[in-house]
Amino acid sequence: MPSASSGSSDSLPPVPSSLWRDADFRRLWLGQTASQLGEHASLVMLPLLAVLTLDASAGRLGVLRAVGQTPILLLSLFAGAWVDRWRTRTTMVLADAGRALALGAVALACLFGRLGMPGLFVLAFAVGALSVFFDVAYQASLVRLVERGQLLRGNSALEGSRSAAQIGGPALGGALVSLLSAPIAAASGALFFALSFLSIRRIRRAEAVPKRPEHPPGVGHRIHEGLRFVARDRVLRAVCLASAAFQFSFAAMMTVYLLFLPRELHLSGTVVGLALAAAGPGALLGSLLAARLPRRFGHGTVLVCAAALGDGMFLCVPLLHGSSAATVPALLVVGFVFGFGGQLVNVTIMAVRQAATPDGMQGRAAATITFAGMGPAPLGSLCGGFLAGEWGLRTGLLVAAAGMMLSPVVMAFSPLARLGRELPAPRGGPTGG
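Here is a short report on the structure shown in this document. Keep in mind the model is a prediction, meaning the values are calculated, not measured.

Some words on the side chain of S249
Okay, step 1: Mapping S249 onto the fold places it in helix 9 (residues 234-264).
Okay, step 2: Among the polar contacts listed, one links the side chain of S249 to the backbone oxygen of A245, at a separation of 3.2 Å.
Okay, step 3: The residues contacting S249, other than those within four sequence positions of it, are A400, G403 and M404.

Focus on the packing of aromatic side chains
Okay, step 1: Taken as a whole and assessed by the stated rule, the structure comprises five aromatic pairs.
Okay, step 2: Taking the centre distance of 5.7 Å and the plane angle of 15° together, the rings of F250 and F338 count as stacked. Here F250, found in helix 9, pairs with F338, found in helix 14 (residues 327-355); they are 88 residues apart in sequence, far enough to count as distant. Here the two residues F250 and F338 agree in accessibility, since each one is buried.

So, the packing of helix 2 (residues 23-52) against helix 9
Okay, step 1: It is the contact of helix 2 with helix 9, at a shortest axis distance of 11 Å, that shows an interaxial angle of 45°. On the basis of the axis angle, helix 2 is oblique to helix 9. You can see that helix 2 and helix 9 cross each other, and the crossing is right-handed. On helix 9, the residues touching V44, P47, L48 and V51 of helix 2 are M254, L258, L259 and R263.

Observations regarding the environment of G392
Okay, step 1: Considering the arrangement of structural elements, one finds G392 in the loop between helix 16 (377-391) and helix 17 (393-403).
Okay, step 2: The spatial distance from the C-alpha of G392 to the C-alpha of E264 is 9.8 Å, given a sequence separation of 128 residues.

Structural notes on a nonpolar patch on the surface
Okay, step 1: A cluster of nonpolar residues, L284, L285, L288 and F336, forms a patch on the protein surface that exposes about 350 Å² of accessible area.
Okay, step 2: Residue position: L288 is located in helix 11 (residues 279-289).

The rules we used
Residues numbered from 1 in each chain as written. Predicted model: local features only at pLDDT ≥ 70, side-chain atom pairs only at ≥ 80, totals over all residues. Heavy atoms only, no water. Helix = DSSP H or I, 4+ residues; strand = E, 2+ residues; numbered from the N terminus. Polar contact = N/O pair within 3.5 Å; in protein donor to acceptor, adjacent residues only side chain to side chain. Contact = heavy atoms within 4.5 Å. Phe/Tyr/Trp six-rings, centres within 6.5 Å; stacked < 30°, edge-to-face > 60°. Buried < 20%, exposed > 50% of the residue type's maximum accessible area, 1.4 Å probe, protein only. Axes fitted to C-alpha atoms, helices over the stretch in contact; angles between N-to-C directions. Parallel < 35°, antiparallel > 145°, perpendicular 65-115°, else oblique. Left-handed = near helix turned anticlockwise from the far one by under 90°. Patch = residues over 30% accessible without salt bridge, like charges linked within 9 Å, V, L, I, M, F, W, Y side chains within 5 Å. Areas by Shrake-Rupley, 256 points an atom, 1.4 Å probe, with all protein chains shown as cover. Salt bridge = Lys/Arg side-chain N within 4 Å of Asp/Glu carboxyl O.

See below:
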């Protein structure tokens, strides 16, 4: 499951105790973990509120998911240029505060019976826009906060929690909507962003912001540098292509999946949340093995095999019928294996991305890969809504799940598959800002 992230060393060892004793690192880790949980929980929470509370159609659900993902296309490159020049702490704090207020507005609208699809569109866009700035900023934050010798291990801890949140957050969002009332679920999501705000705000160490030239280039020039750097690197280009293939198909699949479970399999909201939560234990196992498998079998082998295993599991879901005794266990197995494979791919891709990028390009490289890799997600969500509405839930889910297999195919025929036990060295690029 390729993602636009930074990475760590090829062996991804545990964070040393000396780094955990650093109070500012702990504040960053806690804030980033809470923020990522809130972000990925909201990605499922808002669509489920639309389905269960507003009885949204497949087409409207696809539009809602696309609206929340559109800021990736509109703002990622600008966010990368911004982050390479300004303090990441300030950017993250402001993004957390804005997202907490947005979900608080959803809670109030639900409480007073004023929540409608137009308002949900606006708030989903706001949360998505602020998430773009936070995600790019936190990927550059560790580079400025810790010593060079601690960078790779510290980044492994941060990115491990992000990957777990990316997989477990949707399960949390489903559980909140299923077990709590709509206002309380939205307010609970806002609490995660508030916790992140309070934690990151307490970071005291001054950031080593990249030195600005006397006559700094404009935003457009800095964006162009990031685009050119990624485009000229064969490994990073492959990361973009594999991520784009996955994110488009995964967005389409999730749009249909959120409709398929309650309407085709007649599962309750609680069971839907349980099915989504099964990815969490799988991600935990994947994170434990991610430190060992690339070192033993090579990064390329792990990427291709883990992506094929995890993504391929969703091809089994359209074969399920009704809420039989075998349905829920099968969904749990699908979620567990997907979480396991997805975590292996995420952590390995993180290592590759950061190892191939010089420090002064971290923000722009991350933003460029986010733009190119995750940018197709809004179109995927619209496609999922179209497939569900025109072809039916079962056929639409099968087509979208088959599309997810494009990602391991792209990796298998790219330089990523040829990566061995050693990570690529960073290629020279502009470092100023």
